[in-house]
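Each chain is listed here by its residues.
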Amino acid sequence: MFLAIGVAIAAALFGSMAIQSLTPINEVILSPQEKKCQQIANEGYKMHALYPEAHPDDLPEDDKKRLLYLDDLWMTECVAVLPAESVFSIVNNVERDTSHGE
């Protein structure tokens, strides 16, 4: 009897694992603020990717203003408002596959 129960539990666990592996994982649902911050982070990353070694004072004036604006926006709208877990999640999900021609 115990063997039958053990086999049934093992079959249920293996079946659950099989279904879970075949089912796509749903994307994390972001709040409107988190979506806004994800866009800010993506745009900021693109700017930093264009000038990876440059100091803000070495950038062209328009790019310098844009980068400083994005950095300020990131700090005031995201870091100061969202919990650390959300900020780290956003940073980890930055779109890093951008081309420099954009």
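What counts and what doesn't
Residues numbered from 1 in each chain as written. Predicted model: local features only at pLDDT ≥ 70, side-chain atom pairs only at ≥ 80, totals over all residues. Heavy atoms only, no water. Helix = DSSP H or I, 4+ residues; strand = E, 2+ residues; numbered from the N terminus. Buried < 20%, exposed > 50% of the residue type's maximum accessible area, 1.4 Å probe, protein only. Contact = heavy atoms within 4.5 Å. Polar contact = N/O pair within 3.5 Å; in protein donor to acceptor, adjacent residues only side chain to side chain. Disulfide = S-S within 2.5 Å.

Q: What am I meant to see in the environment of Leu 30 here?
A: Relative to the elements of secondary structure, Leu 30 occurs in the loop between helix H1 (2–22) and helix H2 (32–50). Judged by relative accessible area, which is 26%, Leu 30 ranks as partly exposed. Taking C-alpha positions, Leu 30 is 9.1 Å from Ser 86, a pair spaced 56 residues apart along the chain.

Q: Teacher, can you tell me more about the side chain of Asn 42 here?
A: Tracing the chain through its elements places Asn 42 in helix H2. Setting aside residues up to four positions removed in sequence, Asn 42 forms contacts with Asn 93, Val 94 and Glu 95.

Q: For this particular structure, what's the right way to read the side chain of Gln 38?
A: The topology assignment puts Gln 38 in helix H2. At 3.3 Å, the side chain of Gln 38 and the backbone oxygen of Ile 90 are in polar contact.

Q: Could you clarify how one ought to interpret the state of the cysteines in this entry?
A: Among covalent bonds in proteins, the disulfide is the one between the sulfur atoms of two cysteines. Scanning the entire structure with this criterion turns up one disulfide. A disulfide bridge connects Cys 37 with Cys 78, and the sulfur atoms are separated by 2.1 Å. With the S-S bond torsion at -105 degrees, the cross-link from Cys 37 to Cys 78 turns out left-handed. Here Cys 78 lies in helix H3 (residues 61–79) and Cys 37 lies in helix H2, a separation of 41 residues in the sequence. Relative accessible area serves as the criterion here: at 0%, Cys 37 is assigned to the buried category.

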